[in-house]
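Tertiary structure, described
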Amino acid sequence: MVGHVYFWQGGSLWIGTGMGRTDWHDHHAHQISFSLGGTFQFRAHATQAWQDYVGSVVPSHQKHQFECDGQIAHVFIEPETVEGRALRARFTGSGITALAEPECRGTIAMLIDALQRSAGIDETISVARTAVAALVRASSPDAAVDARVIRVIEYLRSRVRHPSSLADAAAVAALSPGRFRHVFVEETGTSFRAYVLWLRLHAAIETAMAGESWTTAAHEAGFADSAHLTRTFKRMFGINPTTLVTS
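Residues numbered from 1 in each chain as written. Predicted model: local features only at pLDDT ≥ 70, side-chain atom pairs only at ≥ 80, totals over all residues. Heavy atoms only, no water.

**What about the sheet that holds strand 2 (residues 11-17)?**
Strand order in the open sheet formed by seven strands is 10-7-4-9-2-1-11, with mixed pairing between adjacent strands. Two strands bound the open sheet, and with one partner strand each, they are strand 10 (97-99) and strand 11 (245-246). As paired strands, strand 4 (residues 30-35) and strand 9 (residues 71-77) are joined by six bridges and run antiparallel to one another. By the bridge assignment, Ser 35 is partnered in strand 9 with Ile 72. Its contacts with the sheet put helix 3 (residues 121-136) on strand 1 (2-8), strand 2, strand 4, strand 9 and strand 10, and the angle it makes with strand 1 is roughly 70°. (Pairing = 2+ DSSP bridges. Helix = DSSP H or I, 4+ residues; strand = E, 2+ residues; numbered from the N terminus. Contact = heavy atoms within 4.5 Å. Axes fitted to C-alpha atoms, helices over the stretch in contact; angles between N-to-C directions.)

**A closer look at the side chain of Glu 80**
Among the structural elements, Glu 80 can be located in the loop between strand 9 and helix 1 (82-91). At 4.9 Å, Arg 157 is the nearest oppositely charged side chain to Glu 80, a buried residue that forms no salt bridge. Engagement of the side chain of Glu 80 in a polar contact is seen with the side chain of Tyr 195, the distance being 3.3 Å. If near-sequence neighbours (up to four positions away) are discounted, Glu 80 is found in contact with His 28, Arg 85, Val 145, Ile 153, Glu 187, Thr 188 and Tyr 195. (Buried < 20%, exposed > 50% of the residue type's maximum accessible area, 1.4 Å probe, protein only. Lys, Arg positive; Asp, Glu negative; His and termini not counted. Salt bridge = Lys/Arg side-chain N within 4 Å of Asp/Glu carboxyl O. Polar contact = N/O pair within 3.5 Å; in protein donor to acceptor, adjacent residues only side chain to side chain.)

**Looking at helix 7 (residues 192-209)**
Between the first and last C-alpha of helix 7 there are 26 Å, a value that for 18 residues agrees with the 26 Å anticipated at 1.5 Å per step. Of all 18 residues in helix 7, 14 are buried, a share of seventy percent or more. Positive backbone phi, approximately 110°, marks Gly 211, located one or two places after helix 7. (Expected span 1.5 Å × (residues − 1).)

By themselves, these figures tell us nothing about what the structure is for.
Structure below.
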């Protein structure tokens, strides 16, 4: 993908031009995609025919392939956020879900405008978050995430570039490591170790988007080396990190 990646707590926007087909992958966040020109396709099984979409939602941890050679916007929302839980209430269990064109039209127009004008970071993020809010407005989110898990997530985010063990996180939650491991999976849908990798991957992307090499990004985000970063990135996004280029 050639474009930009913008982050906020619990979400990100990837906007630019697609560069073909990804490998099979899945990631922690829900993915909302909008076509900004041309077409894009998804499939959830190797035997499934490719499906065209104008807008779509891919739920958390749904394995898929993606293909696009036109302009595209992906919004990633972590499932433990308020918006993420509302998306889960509306879309989980449906696999990859198509969004009706009328539901997408306003968002697509705003995203195209922001892309063409090279709008500022805050304005572009606001458009993406407004789109998410529109999708979840009528949903009834699940009960709030356990406050102990929220406290741990805030702790992990504050020190994402430093080592954080399960024992450290359990202490923040005031739970035994065994109990904390169970509660964390129950509340987030992923393991503690996988979530830490997800946060580190985001930190590496932010560093690379700021102009540093992927090797530097890997080290600063706490990966063992650039090969570890590449394997993680490809498993979660289906592409090599070096194919993500700022425009």
